[in-house]
Amino acid sequence: MPTASESGGYVNSRAAGERRPRWCFLYAIGTVPETDYRIVGTGDYDGDGKADLLWHHATRGEVWVWLMDGTTKRSETWVASVPEVGYRIVKNR
């Protein structure tokens, strides 16, 4: 199960051909104890109008959803485990 820690900072980036840099704030909302967890999707999974995170564990097949309130994790929910190691979660178009 993913576990959270928080940090943040400003980043100065410039796209090719731009004269002025763009500043954006990057916020790390979580770290996980295992490198096999990946964020594979974002969306409003609970209908509150805010983006949530969909996690997948590559070798165990676990799928978790972090329900978010901005950069704060409100809760985490186990969705399923699929024992087929080769499956992937893909974006619905």
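Here's a quick rundown of the structure. The structure displayed is predicted, hence computed values, not measured ones. (Residues numbered from 1 in each chain as written. Predicted model: local features only at pLDDT ≥ 70, side-chain atom pairs only at ≥ 80, totals over all residues. Heavy atoms only, no water.)

1. Considering the overall build of the protein chain
This is how the line gets drawn: The helix and strand labels rest on DSSP assignments: H or I over at least four residues marks a helix, E over at least two residues marks a strand, and numbering proceeds from the N terminus. Accessibility here uses a 1.4 Å probe with only protein chains present; expressed as a share of the type maximum, an area under 20% marks a residue as buried, one over 50% as exposed, and anything in between as partly exposed. We call two residues in contact when some of their heavy atoms are within 4.5 Å. Areas reported as accessible are Shrake-Rupley estimates using a 1.4 Å probe. Residue values count occlusion only from the protein chains shown.
Secondary structure summary: the protein chain contains zero helices and six strands in total. When the helices and strands of the protein chain are listed from N to C terminus, the series reads β-β-β-β-β-β. A burial count over the protein chain gives 20% of its 93 residues as buried. For the protein chain, restricting intrachain contacts to residue pairs at least 6 apart in sequence, the fraction spanning at least 24 positions comes to 30%. Accessible surface, the protein chain: about 6,700 Å² in total, of which carbon and sulfur atoms supply 54%.

2. Re the environment of Asp52
What counts, and what does not: As used in this structure description, the phrase polar contact means that two N or O atoms lie within 3.5 Å; if the pair is within protein, one of them must be able to donate a hydrogen and the other to accept it, and residues adjacent in sequence are counted only when both atoms belong to side chains.
Considering the arrangement of structural elements, one finds Asp52 in strand E4 (residues 52–57). What makes Asp52 buried here is its relative accessible area of 0%. For the pair formed by Asp52 and Asp69, sequence separation is 17 residues and the distance between their alpha carbons is 8.0 Å. With residues near it in sequence (within four places) discarded, Asp52 still touches Gly41, Thr42, Gly43, Asp44, Tyr45, Asp46, Trp66, Leu67 and Met68. There is a polar contact of 2.8 Å between the side chain of Asp52 and the backbone nitrogen of Met68.

3. Here's the deal with the side chain of Asp52
To keep it simple, the criterion reads: Charge counting treats Lys and Arg as positive and Asp and Glu as negative, with His and both chain ends excluded. A pair is scored as a salt bridge if a Lys or Arg side-chain nitrogen falls within 4 Å of a carboxyl oxygen belonging to Asp or Glu.
Of the side chains bearing the opposite charge, Arg74 lies closest to the buried Asp52, which forms no salt bridge; the N-O distance is 4.9 Å. A polar atom in the side chain of Asp52 sits 2.9 Å from the backbone nitrogen of Tyr45.

4. A closer look at the packing of aromatic side chains
Stated precisely, the cut-off is as follows: We call Phe, Tyr and Trp rings a pair once their centres come within 6.5 Å, taking the six-membered ring for Trp, and we label the pair stacked below 30 degrees between planes, edge-to-face above 60, and tilted otherwise.
For the structure on display, the rule yields two aromatic pairs. Ring centres 6.3 Å apart and planes at 85 degrees place the aromatic pair Tyr37 and Trp55 in the edge-to-face group. Placement of the pair is Tyr37 in strand E3 (residues 37–43) and Trp55 in strand E4, with a sequence separation of 18 residues. As far as burial versus exposure is concerned, Tyr37 and Trp55 are alike and both buried. Judged by centre distance (4.9 Å) and plane angle (50 degrees), the ring pair of Trp55 and Trp66 falls under tilted. Within this pair, whereas Trp55 is found in strand E4, its partner Trp66 is found in strand E5 (residues 62–69), the two being separated by 11 residues in sequence.

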